[in-house]
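Structural description and commentary
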Amino acid sequence: MRIAAIEITARGVVQGVGFRPFVHRLASRCGLAGWVENTPGSVVIHIEGDAAALSRFRALFGSEIPPAARVTRLSVRKAASTGVPGFTIRASRRDGIALSTIPPDIATCPECAGELSDPSDRRHRYPFTNCTNCGPRFTIVTSLPYDRERTSMASFPMCAACRKEYGDPDDRRFHAEPNACPACGPRLYVRDGDGAPVETDDPIGTAAAAILGGAIVAVRGLGGFQLAVDATNDGAVRALRTRKRREEKPFAVMFRDVASVRSAVYLAAADESILRSPRAPVLLAPARARSPLAPSVSSGLPTAGVLLPYTPMHRMLLDRVDRPLVMTSGNATDEPIAIGNDEAISRLRGIADLFLLHDREVVQRSDDSVVRRVGRGIYPVRRARGFVPAPVTLLRSFPDVVGLGGELKNTFCFVKGDAAYLSQHIGDLEQAPVHDFYEETYRFFLRFLGARPRAACHDLHPAYFTTAFAERAGADRLFALQHHKAHIYSALAETGFSGKAVGVAFDGTGYGEDGAIWGGEFFAIDGIEVRRAGHLAYFPLPGGDAAVREPWRTALSLLRATLGAAEAESAARELFPGIPGTSVRRVLEALEKKINVIPTSSAGRLFDAVSAICGLCVRSSYEGQAPMLLEGVAARAVAGTYPFTLAEEGGQLTIDWSELLRGTVADARGRLPAKVISRRFHDTLAAATVAAAARLAESAGARHVVLSGGVFQNVTLLSRVLSGLRKRKLTPLIHRQVPANDGGISLGQAYYAAAQVAGG
Ligand code: ZN
Ligand code: ZN
Ligand code: FE
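As a starting point, this report considers the structure included with it. (Residues numbered from 1 in each chain as written. Chains lettered and ligands numbered in written order. Predicted model: local features only at pLDDT ≥ 70, side-chain atom pairs only at ≥ 80, totals over all residues. Heavy atoms only, no water.)

What follows covers the overall build of the chain. Scanning the chain for helices and strands turns up 23 helices and 29 strands. In terms of overall size, the chain behaves like a compact globule, its C-alpha atoms giving a radius of gyration of 27 Å where 760 residues would be expected to give roughly 27 Å. Taking all 760 residues of the chain together, the buried fraction comes to 60%. Across the chain, the fraction of contacts at a sequence separation of at least 24, relative to all contacts at a separation of at least 6, is 72%. By element, 49% of the accessible surface of the chain is carried by carbon and sulfur atoms, the whole surface being about 28200 Å². Taking the 91 positively charged and 77 negatively charged side chains of the chain as two groups, their mean positions are separated by 4 Å. (Helix = DSSP H or I, 4+ residues; strand = E, 2+ residues; numbered from the N terminus. Rg over C-alpha atoms; globule rule 2.2 N^0.38 Å. Buried < 20%, exposed > 50% of the residue type's maximum accessible area, 1.4 Å probe, protein only. Contact = heavy atoms within 4.5 Å. Areas by Shrake-Rupley, 256 points an atom, 1.4 Å probe, with all protein chains shown as cover. Lys, Arg positive; Asp, Glu negative; His and termini not counted. Charge placed at Lys NZ, Arg CZ, Asp CG, Glu CD.)

In structure tokens:
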């Protein structure tokens with residue numbers, strides 16, 4: 001028999017996910033000897049035996065990998081055989097262990113779910129059941145290396161039965177750090193709305209009964225508190241809106257199983273696997289017209305955010321109520337999610353009627369992640385639980401740097417080696433309570449990555465929190481990077497693309513290099529160089545933030561620019577009957593005298609304006625509402641588009657929107673339905689985008705087009721642009737790992753800084 005040996009190195013999410021036991025089982029089954037061990041950031045497997053067994057191992061390896069593992073890089077090389085007897089799991093090499101060894105939290109696996117509902121199992125109905133394939137990870141970590149002693153499970157000494165499982169390489173709970181059972185693990189209990197104890201031997205049943213009675217129940221989940229409400233009870237959902245001060249922004253809804261999800265939204269096969277995946281994100285899916293969900297859940301939007309239970313506790317709760325539940329972050333609007341029991345009771349008093357608590361501390365605050373599906377893959381919207389801290393793998397290694405992120409939907413990002421670690425979604429830094437969350441999390445990442453950032457990169461905006469924070473980031477050098485360039489760099493970082501390309505960043509707001517508000521930008525990309533090459537033609541934005549909250553103001557400015565002041569005033573009277581004539585005249589006057597008026601090329605604001613012109617959203621109650629309503633009504637197919645022109649202006653290609661505006665206004669005044677105008681608008685903007693990108697690609701000799709920015713969260717626009725580009729034989733590159741919105745720009749900032757530092 002010929003003995004051969006190989007060494008396999010697997011990188012990615014390979015630790016704390018049952019990887020070593022899996023290798024052990026597979027090697028033993030194939031009759032191979034050797035060992036497996038964790039090293040910083042990778043798992044190394046040495047196997048030896050006869051050649052046929054080795055190839056059998058390699059064939060099975062790919063198809064039997066644990067569900068929560070994600071191998072981003074696999075290398076195999078020949079090794080010298082050592083003659084070791086049998087296969088062993090070696091103790092971890094602890095030196096230099098980094099944050100990279102902590103996996104993201106993992107949704108309950110099928111085996112644990114089975115035990116949960118098996119009356120003969122010792123974990124029957126135990127709400128903290130987990131194993132090496134599932135359970136809490138990142139959210140319970142207090143320090144490193146990742147093992148039980150350094151998690152919030154440290155205060156729960158394992159019973160003899162659990163310890164036996166933990167020590168047995170053939171057991172599914174071998175080295176499952178949060179391993180627990182009813183005898184030794186965390187437990188649930190209930191408090192009333194004032195925080196007073198509620199006597200019950202069935203906490204889940206008590207919470208379920210309250211929810212069915214229309215109450216708002218605060219539930220301590222994985223990454224913090226959630227507010228749970230019967231999603232079929234319109235009165236209860238409205239009460240939640242009032243108490244949480246959240247007027248119309250849609251709520252995510254948790255369903256018992258996929259079949260019940262289908263009662264509310266349309267799901268393709270790919271959607272189902274996203275929902276069932278170990279990351280178990282909220283998926284934005286098209287809502288059914290007839291649905292069990294109360295109308296106030298998504299307030300007029302034709303999509304709904306749906307998810308499946310991802311902890312045993314959530315499963316048990318959903319089984320008991322047997323109806324969909326609104327599951328929204330446990331906070332008042334604009335504050336970070338609450339994590340501590342006392343903190344939650346004090347902050348959520350007056351919002352929650354009942355508290356379902358447990359005694360396992362949540363260490364890392366982490367909201368639910370949100371994704372859309374584009375093609376067969378995910379398209380992230382908010383990246384937190386289940387995603388963080390798994391890194392984005394870069395094309396090569398770089399010196400340590402950090403990107404501090406933007407102001408809204410903030411994340412930050414450390415680059416270390418070839419890995420880019422994004423923080424969980426931090427939130428909107430316009431809100432002071434979010435600053436502490438940012439600073440705490442920043443320090444955690446800095447410490448546990450062992451990062452010594454040689455450079456920090458912040459947004460060009462002088463007044464952002466992160467711009468001021470940059471001085472305290474602990475870096476040697478500071479870079480300021482324009483917002484939309486950061487969007488483009490983030491897409492370059494995650495796709496690993498290097499070469500000539502055209503970049504399109506369509507977005508709400510970003511401080512421009514010329515002091516204007518950018519947001520409809522085209523770039524010429526050459527390797528790591530990104531240069532502005534075109535934009536939507538500028539228009540005057542009256543009153544800055546007021547325009548964002550009241551899209552009719554932006555619309556009025558565009559009407560004035562297209563039709564003249566007098567005609568704009570009469571159009572406004574027709575299109576915005578709810579807006580007093582004096583307000584209209586005041587805005588027109590400000591535009592005339594250029595008082596508090598800033599030029600903008602923002603695509604987001606153009607969407608706002610058209611949404612207002614269609615009568616869909618004259619005033620906006622949350623960020624992105626006007627564009628989302630506009631996308632929501634778009635008919636599937638409508639004949640005709642509006643005209644547009646491309647122009648050359650000071651070396652920049654500009655998209656002139658005036659004909660487009662004239663067309664929408666004529667259709668709106670002609671009482672055409674919003675669904676027709678919206679469709680034509682989307683089709684026109686997509687056509688203009690493709691035409692501009694194609695022209696720039698041709699002159700640069702590029703074949704790729706990179707799409708980023710929050711406006712590309714609009715999949716109606718995105719899918720038209722994608723098909724348009726492909727028709728022109730151009731290859732689109734889109735986000736798959738980080739959001740196209742501002743949640744992704746920290747990656748772009750970090751990538752830019754890394755390239756600058758590496759380049760000298
Ligand atoms: Zn499990
Ligand atoms: Zn136990
Ligand atoms: Fe942005």
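Let us keep going from here.
So, about the pattern of salt bridges. For side chains of opposite charge, pairing can occur when their charged atoms come near one another. Taken as a whole and judged by the stated rule, the model has 43 salt bridges. Between E592 and R560 there is a salt bridge, with its nearest N and O atoms 3.1 Å apart. Of this pair, E592 sits in helix α17 (residues 581-593) while R560 sits in helix α15 (residues 551-563), and the two are 32 residues apart along the sequence. Close ionic contact of E567 with R669 constitutes a salt bridge, the shortest N to O distance being 2.8 Å. Of the two residues, E567 is situated in helix α16 (residues 565-575) and R669 in helix α20 (residues 658-669); the sequence distance between them amounts to 102 residues. By relative accessible area, E567 is classed as partly exposed at 34%. (Salt bridge = Lys/Arg side-chain N within 4 Å of Asp/Glu carboxyl O.)

Here we come to the packing of aromatic side chains. Under the criterion given, the structure shown has 26 aromatic pairs. Taking the centre distance of 5.5 Å and the plane angle of 75° together, the rings of F412 and Y438 count as edge-to-face. With a gap of 26 residues between them, F412 in the loop between β17 (392-403) and β18 (413-422) and Y438 in helix α11 (residues 433-449) connect regions that are remote in the sequence. The pair F412 / Y438 is uniform in exposure class, with both members buried. Seen in terms of ring centroids, F414 and Y442 are 5.2 Å apart; in terms of plane orientation they differ by 40°. Their pairing is tilted. Separated by 28 residues along the polypeptide, F414 in strand β18 and Y442 in helix α11 bring together distant segments of the chain. The burial state of F414 is the same as that of Y442; both residues are buried. Ring pairing ties together the aromatic residues F138, F412, F414, Y438, Y442, F444, F445, F448, F465 and F469, which thus form one cluster. In this structure, R365 packs its charged tip against the face of F437, placed 5.3 Å from the ring centre. The side chain of R532 reaches across the aromatic face of W518, ending 3.6 Å from its centre. (Phe/Tyr/Trp six-rings, centres within 6.5 Å; stacked < 30°, edge-to-face > 60°. Lys NZ or Arg CZ within 6 Å of the ring centre and 35° of its normal.)

What follows covers the coordination of the zinc ion (ligand 2). Surrounding the zinc ion (ligand 2) are the protein donor atoms C159 (SG), C162 (SG), C181 (SG) and C184 (SG), which sit 2.2 to 2.4 Å from the metal. Coordination at the zinc ion (ligand 2) is tetrahedral: its four donor atoms span angles of 103 to 117° at the metal. Look at where the donors of the zinc ion (ligand 2) fall in the sequence and you get C-x2-C-x18-C-x2-C. Taken as a pair, C162 in helix α4 (residues 160-167) and C181 in the loop between α4 and β6 (188-192) lie far apart in primary sequence, 19 residues in all. Looking at C162, the relative accessible area reads 0%, which means it is buried. (Donors = N, O, S within 2.8 Å, 3.2 Å for Na, K, Ca; no water. Tetrahedral: all angles 85-135°; square planar, octahedral: opposite > 155°, others 65-115°.)

For the rest of this paragraph, the subject is the pairing of strand β1 (residues 3-13). Burial within β1 is extensive, with eight of its 11 residues counted as buried. Note: β1 against strand β3 (residues 42-50), nine bridges, orientation antiparallel. Residue pairing for β3: E7 is matched across the bridge by H46. Pairing geometry for β1 and strand β4 (residues 70-79), over nine bridges, is antiparallel. (Pairing = 2+ DSSP bridges.)

This brings us to unusual backbone geometry. Peptide bonds are trans in most cases, and residues, glycine excluded, mostly fall at negative phi. Note that the residue after V388, namely P389, is joined by a cis bond; omega there is 10°. Along the chain, P389 turns up in the loop between β16 (377-382) and β17. Positive phi, normally seen in glycine, also occurs at N596, with a value near 55°. Within the element layout of this structure, N596 appears in the loop between α17 and β25 (597-600).

What follows concerns the state of the cysteines. Summed over all chains, the structure comprises zero disulfides. No disulfide involves C614; its sulfur sits 11 Å from the nearest other cysteine sulfur, which is in C617. (Disulfide = S-S within 2.5 Å.)

The topology assignment puts D230 in strand β9 (residues 225-230). Given a relative accessible area of 2%, D230 falls into the buried group. Leaving out residues up to four positions away in the same chain, D230 has contacts with I211, V237, R323, P324 and L325.

Within the protein, the zinc ion (ligand 1) binds to C109 (SG), C112 (SG), C131 (SG) and C134 (SG); these donor distances fall in the range 2.3 Å. Each of the four donor atoms bound to the zinc ion (ligand 1) contributes to angles spanning 102 to 122°, and the resulting shape is tetrahedral. Between consecutive donors of the zinc ion (ligand 1), the numbers of intervening residues give the motif C-x2-C-x18-C-x2-C. Note on C131: relative accessible area 0%, which makes it buried.

Another point: the sheet that holds strand β19 (residues 455-459). Ordered by their spatial adjacency, four strands build an open sheet running β18-β17-β19-β20, and the pairing between neighbours is mixed. Of all the strands in the sheet, the pair left with one neighbour each is β18 and β20 (477-481). Taking each pair of neighbouring strands and ignoring which way they run, the sheet shows an average axis angle of 60°. Of the strand pairs in this sheet, β17 and β19 are connected by three bridges, and their pairing is parallel. Residue V402 lies in a different strand from β19, and its bridge partner there is A456. Each of β17 and β18 touches α11; the most contacted strand, β18, lies at about 165° to it. (Axes fitted to C-alpha atoms, helices over the stretch in contact; angles between N-to-C directions.)

Here we have five strands laid out as an open sheet, ordered β4-β1-β3-β2-β5, and mixed in their pairing. This sheet does not close on itself; its edge strands, each paired only once, are β4 and β5 (87-89). The sheet shows a mean angle of 15° between the axes of neighbouring strands, taken without regard to direction. Sheet contacts for helix α1 (residues 19-29): β1, β2 (33-39), β3, β4 and β5; angle to β5, the most-contacted strand, approximately 175°. The strands touched by helix α2 (residues 51-64) within the sheet are β1, β3 and β4, with β3 carrying the most contacts at an inclination of about 145°.

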